[in-house]
Each structure stands twice: as C-alpha cells, then as structure tokens.
Amino acid sequence: MSDPIGIQIRNLYKIFGPRGGEFVSAVQGGMSKQELNDKHRHVLGLRDINLDIPAGRIQVIMGLSGSGKSTLIRHINRLIDPTAGEIMIEGQDVVRMPPAALRSFRRHKTAMVFQKFGLLPHRTVLNNVGYGLEVQGMDAAARNEIAMRWIERVGLRGFETKYPSQLSGGMQQRVGLARALTNDAPILLMDEAYSALDPLIRYDMQTVLLDLQSEVRKTIVFITHDLDEALRIGDRIALLRDGSIIQQGTGQDIVLRPADDYVSNFVQHVDRGKVVQVGSIMEPMSASNTNGHAIPEHTTLSEALRQMLSSRLQVIDVNDMANRPVGQLSLERAIAVSAGAA
Ligand SMILES: Nc1ncnc2c1ncn2[C@@H]1O[C@H](COP(=O)(O)OP(=O)(O)OP(=O)(O)O)[C@@H](O)[C@H]1O
Ligand SMILES: [Mg+2]
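Residues numbered from 1 in each chain as written. Chains lettered and ligands numbered in written order. Predicted model: local features only at pLDDT ≥ 70, side-chain atom pairs only at ≥ 80, totals over all residues. Heavy atoms only, no water.

K.L.:
Got a sec to walk through the domain arrangement of the chain? Specific residues and values, please.
P.N.:
For the chain, the assigned domains read domain 1 (56-82 + 96-270) and domain 2 (273-338). Counting residues at the interface gives six residues for domain 1, matched by six residues for domain 2. Taken together, the two surfaces of domain 1 and domain 2 that pack against each other cover about 460 Å², and 68% of this comes from carbon and sulfur. At the boundary of domain 1 with domain 2, the tally comes to zero salt bridges. (Domains from an automatic or database assignment. Contact = heavy atoms within 4.5 Å. Buried area = accessible area lost by both parts, 1.4 Å probe. Salt bridge = Lys/Arg side-chain N within 4 Å of Asp/Glu carboxyl O.)

Here's what the structure looks like:
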C-alpha cells in the first residue's frame, strides 16, 4: 500500500473567462465576485486559497452552491488549470507538471468518486471496478483478483456479474468507491459522492468510508453540503463562500467558534450535545475537585450532562486517552454550551 501524502494549496486563484490572468491583481486588491462579473464579465471561482490537507486524513470542503467547492477539488488533479497559485504534492507543483507527468500523476496518485456514480452501463460490476486496471494494461486474471478484493471490501460480493442498472443507488456508489480504490492511489477525491443517496444509505456509505479509511489511510478530499456528514467524517473542514475560505479547522472549532455569520448559519441547527466533545470545552484543572468522577475527553456533551445529572455532580474531571486528568467541566458550563450560550 502506498504511503499517504499531503496536499499544500498556496495562493490559488481561479478566474473564469478568456482574460482571467489580467484580473488577478484587481481581485488581490479586493475586487468582489459581483464587481468582477458586472464590470468585466469574468467569474471569480477561487480567491487566494491556502489549505494544508494532511496526509492520510479526511478533508471536508463545505459551502453553498456556487461557492467554489467543485472548482477547488478539480484543481487538485488539474482538471481545471488555475489562474495563479501552487498545488504542492510530494514536493511537486501539480500546476507546473508537464503533460506526461500529469497523466501519470492523475492515474497513479489520484482517484475520483462522482455523485452520479459514473459507471459504464454495459459493463458488469467486476468489469467496472477493474476498468482502470484494464486501461493500464493489466491482464484479466490479475485485475479481476484485485477488483474482487475491493468488491468484497465494499460489501458487494455476489453482485460482480450484475450490471449497474440492476443495482440500487447505494450499491452503485459502492461500485464507484470500489473502482476508485483499485488503483491504490493515495489521494481520493469525492465531489458530493453521497449527495444523491437517501439518508440511511448515505449514513451506511459514511460508515463504509470510515471503516475503509481506518485500514487504507488515504488522503481524502470530500465535498458535501451536509453538516452532519461533514462533522461525522471530516478530520478537518474548510468552509467556502464566494470562492474564499471563510474558516478551516476541526468540526469542533467550526461548531464552537464560527468565524462569522455565514458559518454560524451553517452550524446553528447542529445538535451540540451529540457533536461537541468535552475535551473541546473543558476548563483548567482546579485542585479543589476531588469527587473522583472522571470521563474521557472524547465523551459527548450530552453523555457528560447525563452522568453529571444522574450522579448530582457540579463538576467532573476530564481525562485524556492515557487516563490522565487534563481538565474539568462544570455543570454550568456544560449547560451553557449545550444551550448555545457559550
Ligand atoms: N467553466 C466555468 N465557466 C465559468 N464559470 C464557472 C465555470 N465553472 C464554475 N464556474 C463558476 O464558478 C463558481 C464556483 O462554481 P463551483 O461549481 O465550483 O461551485 P460549487 O460550490 O461546486 O457549487 P455546487 O454546490 O452547486 O456544486 C460559480 O460561480 C460558477 O458559476
Ligand atoms: Mg459542485
């Protein structure tokens, strides 16, 4: 299995239109998307994106329709050429890769999963999953063995001779995922891959992805509109608005410390009790608390509240993974955070 690799995006701009390059300095000087469109009939896709996507982690990109999510993910395998900026992967700038190197990079380092599945209708599940390997010239026996491994891994054993039209949407997306995994690429790009699925199927597919990720440790860029999905699977989340990153951080950062009203609007309906972990809201240890009750730092706020209320505690200790005390949480603070007042 290949080692996970990180992605560093630096000062990335995309201005759609025949003379995009001429307007970079105006945009750098503060010209808005609206003004660029009104005055020059060019569309601001991305403005000064700086993002470090950690190796082997899931980076979620969120934002309203038209905020630039697809534009950003398509830069990573250069389906779109930037107007300015760098995308560094293993010390190489994808933006400056010559055609042959770019082809090899796309084929060996990246894989994509699409919202509409992108399956070939006249090929069986097995031949869809093995398609990329076939294109690379691998013989049938070898590619079928690899394809079968991933078909089993995504829970589709027994369906390998079916055609896409014989499968439900969730199963088709499993095929899409298996196909993306066969080439062993360290970077997986998923643009609204689950958005067309029903909520329960979608939840199942998130579980499949998280299980796989704990095994294969890919660098995954995952676009979604759905905050619950983002919070469940994202190690890091970046929020885009009008082509700019408004906030980036962990789910905890975004829920507890939204950078502005746009982000607040995204997170206002979140069930804080289920999402917030006590480690994110604990206070420094005070020597006076010796009631002997402690909870791990990953405990959810609602579970902490339940324990404090049932044991009639005003304060509870918080322990780290090694069971060492690292802070404490008062009942007052727990209630304030869950009510959205802190
Ligand atoms: N080829 C193009 N030519 C001109 N403008 C474009 C092009 N592609 C995207 N845009 C514009 O760039 C902006 C960002 O679009 P993008 O498709 O990246 O948004 P998105 O966040 O993926 O939206 P959605 O959630 O609807 O998929 C939009 O204003 C869009 O109209
Ligand atoms: Mg999009």
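K.L.:
Explain helix α8 (residues 169-182) to me, and be specific about the residues and the numbers.
P.N.:
End to end, α8 covers 20 Å across 14 residues, agreeing with the expected 20 Å (1.5 Å per residue, within 8%). Most of α8 is tucked away: 13 of the 14 residues are buried. Looking one or two residues past α8, Asp184 carries a phi angle of roughly 60 degrees, positive in sign. (Helix = DSSP H or I, 4+ residues; strand = E, 2+ residues; numbered from the N terminus. Expected span 1.5 Å × (residues − 1). Buried < 20%, exposed > 50% of the residue type's maximum accessible area, 1.4 Å probe, protein only.)

K.L.:
Before we move on, can you summarise the sheet that holds strand β1 (residues 7-16) with the specific residues and values?
P.N.:
The strand order across the open sheet built from four strands is β2-β1-β4-β5, with neighbouring strands paired in antiparallel fashion. Of all the strands in the sheet, just β2 (43-53) and β5 (92-93) have a single pairing partner and so form its edges. Strands in contact with helix α2 (residues 33-40) are β1 and β2; relative to β2, the strand with the most contacts, it is inclined by about 145 degrees. The strands touched by helix α3 (residues 69-76) within the sheet are β1, β2 and β4 (84-89), with β1 carrying the most contacts at an inclination of about 125 degrees. (Pairing = 2+ DSSP bridges. Axes fitted to C-alpha atoms, helices over the stretch in contact; angles between N-to-C directions.)

K.L.:
Quick rundown of the packing of aromatic side chains? Include the residues and the values.
P.N.:
Applying the stated criterion to the full structure yields two aromatic pairs. Ring geometry for Tyr194 against Phe222: centres 5.4 Å apart, planes inclined by 70 degrees, an arrangement best described as edge-to-face. Here the residue Tyr194 occupies a position in the loop between β7 (187-191) and α9 (199-216), and Phe222 occupies one in strand β8 (residues 219-223), the gap between them amounting to 28 residues. Taking relative accessible area as the criterion, Tyr194 reaches 1% and is therefore assigned buried. If you follow Arg232 out to its NZ or CZ, it ends over the ring of Tyr203, 3.8 Å from the centre. (Phe/Tyr/Trp six-rings, centres within 6.5 Å; stacked < 30°, edge-to-face > 60°. Lys NZ or Arg CZ within 6 Å of the ring centre and 35° of its normal.)

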